[in-house]
Amino acid sequence: MESSVYLPPELIMQILLRLPVKALLRFRCVCKSWLSLISNNNFATSHFEHAATHRRLFIKPYALQPLSIDFDSWLHDASAYASLRLDFFRPKRHLEIRGSCRGFLLLHDGTYIYILNPSTGLIKQIPDFPIILNDGYELLSGFVYYQPTDDYLIFSGFCELHLNDPVTRSVKLMIFSLRANKWKPIELASHLPYMETSIAEFTPKCGLFLNGSIHWMVHNYEKSKNVIISFDIKEMTISEIALPDDFILSYSNNYSIYHDLLQVGGLIGAWVGHLNTVKIWVMQKYGVHSSWTKIIQFSLDPVLHNSLDIVCLTKCGDIVGRNNDRLVKFNEKGQLLESLLLDGSELVVYIESESLFSLPGTV
């Protein structure tokens, strides 16, 4: 006599929440109830929050099959790597990742802009910027999900040069709404006196989204110092956040200094590496300058050639960074734990976090 095992719907859902996206896409064919459950947006949200894994991407120039790696694992652990197919891109194009959000990547191949969900293969081409700069460049980039309007927003900040005044520059901000499917300029009340923080920067700075605002570290040439600018999405206003008092104050010697923003446990952080020393601060209370706290400071091993570009902090507090052609991992005391030769690859940081999400206007 055959007996069947009954599993309550609540238990089935908890099991499915723990499965990878590729398996869930296949399991939609099991029955109508599973198709309905897996296709539900609430299930997609719960799955994303439960299964979020932080991965970073290696991408070789013109490669169509880059690799991602879980930095919470050992760098030499083969099981920490996963392949990512990008074979829809034209060969010989230099691919840039401009940001990530809820499992989606914002990609630019030098001509076109795309949004890609690597887990489901969903891809959407975005209209190009409706702006032409004869003398200027793209300074800022951002990609966020704005929950109040259930919309994905892309930001771009263009820096215009003034030929008769090489110091003075002006920044124009543009925003693209996936729900509206169009770009529009952001009208601000004041002039934005910002430029890149380092002469070595050739790609737009990717913004850090926290507290309903997107943040970039830039140089205010009127004040002759680096600052954090914060763009409030709801109010459509921009403001400055001062860096720690012992951060970089002068622009003249910034060219040999590595520095940027960092998300640390849901808080905004800032780091700097210069003269064999690495320092990391965290703003414990958002917007309160006195709450900046230095959480890490250590000296680099001289063999690392005085340069360390910090990528992220792992869940256990280790520091992952790039030193010339190597990927390195330190503990919080600055002790080198691992070193991995990148073999000419470009290292781009994003949160892969497998997701089932779709985009406005897609199925």
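Everything quoted here is computed from the prediction, not taken from an experiment.

The rules behind each value
- Residues numbered from 1 in each chain as written.
- Predicted model: local features only at pLDDT ≥ 70, side-chain atom pairs only at ≥ 80, totals over all residues.
- Heavy atoms only, no water.
- Helix = DSSP H or I, 4+ residues; strand = E, 2+ residues; numbered from the N terminus.
- Buried < 20%, exposed > 50% of the residue type's maximum accessible area, 1.4 Å probe, protein only.
- Contact = heavy atoms within 4.5 Å.
- Areas by Shrake-Rupley, 256 points an atom, 1.4 Å probe, with all protein chains shown as cover.
- Pairing = 2+ DSSP bridges.
- Axes fitted to C-alpha atoms, helices over the stretch in contact; angles between N-to-C directions.
- Salt bridge = Lys/Arg side-chain N within 4 Å of Asp/Glu carboxyl O.
- Core = buried A, V, L, I, M, F, W, Y, C linked by side-chain atoms within 4.5 Å.
- Parallel < 35°, antiparallel > 145°, perpendicular 65-115°, else oblique.
- Left-handed = near helix turned anticlockwise from the far one by under 90°.

Visitor: I would appreciate a short explanation of the overall build of the protein chain in the present structure.
Guide: Helix and strand counts for the protein chain come out as four helices and 26 strands. Out of the 363 residues belonging to the protein chain, those deemed buried represent 46%. Considering only contacts within the protein chain whose residues lie at least 6 apart along the sequence, 48% involve residues at least 24 apart. About 18600 Å² of surface is accessible on the protein chain, with carbon and sulfur atoms providing 53% of the total.

Visitor: Looking at this structure, I do not really get the environment of proline 244. What am I missing?
Guide: Structurally, the position occupied by proline 244 is in the loop between β17 (237-241) and β18 (258-264). Exposure remark for proline 244: the relative accessible area of 5% places this residue in the buried category. For the pair proline 244 and valine 282, spaced 38 residues apart in sequence, the C-alpha to C-alpha distance is 9.2 Å. Beyond its immediate chain neighbours, meaning those up to four positions away, proline 244 contacts Trp281, His289 and Trp292.

Visitor: Sorry if this is basic, but what is going on with the sheet that holds strand β21 (residues 292-299) here?
Guide: The strands making up a sheet associate through hydrogen bonds between their backbones, and the pairing can be parallel or antiparallel. Taken in spatial order, the four strands make up an open sheet running β18-β19-β20-β21, and their pairing is antiparallel. Edge strands, defined here as strands with exactly one partner in the open sheet, are β18 and β21. Geometrically, the sheet is characterised by an average inter-axis angle of 20° between neighbouring strands, direction not taken into account. Relative to strand β19 (residues 267-274), β18 runs antiparallel, the two sharing seven bridges. Its bridge partner being in β19, glutamine 263 is matched across the sheet by isoleucine 268.

Visitor: I tried to follow the pattern of salt bridges on my own but got confused; where do I start?
Guide: Two side chains with opposite charge may pair up if their charged atoms get near one another. In this structure the tally under the stated criterion is six salt bridges. The partner of arginine 179 in a salt bridge is aspartate 150, and the shortest N-O contact between them spans 3.1 Å. Of this pair, arginine 179 sits in the loop between β10 (165-177) and β11 (182-185) while aspartate 150 sits in the loop between β8 (136-146) and β9 (151-162), and the two are 29 residues apart along the sequence. Given the relative accessible area of 39%, aspartate 150 is considered partly exposed. Salt-bridge contacts for lysine 329 lead to glutamate 338; the nearest nitrogen and oxygen are separated by 3.8 Å.

Visitor: Honestly, the nonpolar core in this entry has me stumped. Any pointers?
Guide: Counting 28 residues, the largest nonpolar core has Ile115, Tyr152 and Ile154 as the members making the most contacts within it. Elements supplying a minimum of two residues to this core: α1 (9-17), α2 (21-27), α4 (41-51), β5 (104-108), β6 (113-116), β8, β9 and β10. What isoleucine 115 contacts, discounting residues up to four positions off in sequence, is Phe104, Leu105, Leu106, Leu122, Ile123, Lys124, Ile126, Phe143, Ile154, Leu178 and Leu359. Counting residues in each nonpolar core, the second largest holds 20 residues, with Tyr146, Leu153, Trp216 and Phe231 among its members.

Visitor: Looking at this structure, I do not really get the side chain of serine 213. What am I missing?
Guide: Structurally, serine 213 is set in strand β15 (residues 213-220). You can call serine 213 buried: its relative accessible area is 4%. Those residues in contact with serine 213 that sit more than four places away from it in its chain are Leu208, Ser230, Phe231, Asp232 and Tyr286.

Visitor: I would appreciate a short explanation of the packing of α1 against helix α3 (residues 32-39) in the present structure.
Guide: Two quantities define a packed helix pair, namely the angle between the helix axes and the distance between the axes. Packing of α1 against α3 brings their axes to within 12 Å, and their N-to-C directions diverge by 55°. As judged from the angle between their axes, α1 and α3 are oblique. Here the hand of the crossing between α1 and α3 comes out right-handed. On the side of α1, the interface is formed by Ile12, Met13 and Leu16, while α3 contributes Trp34, Leu37 and Ile38.

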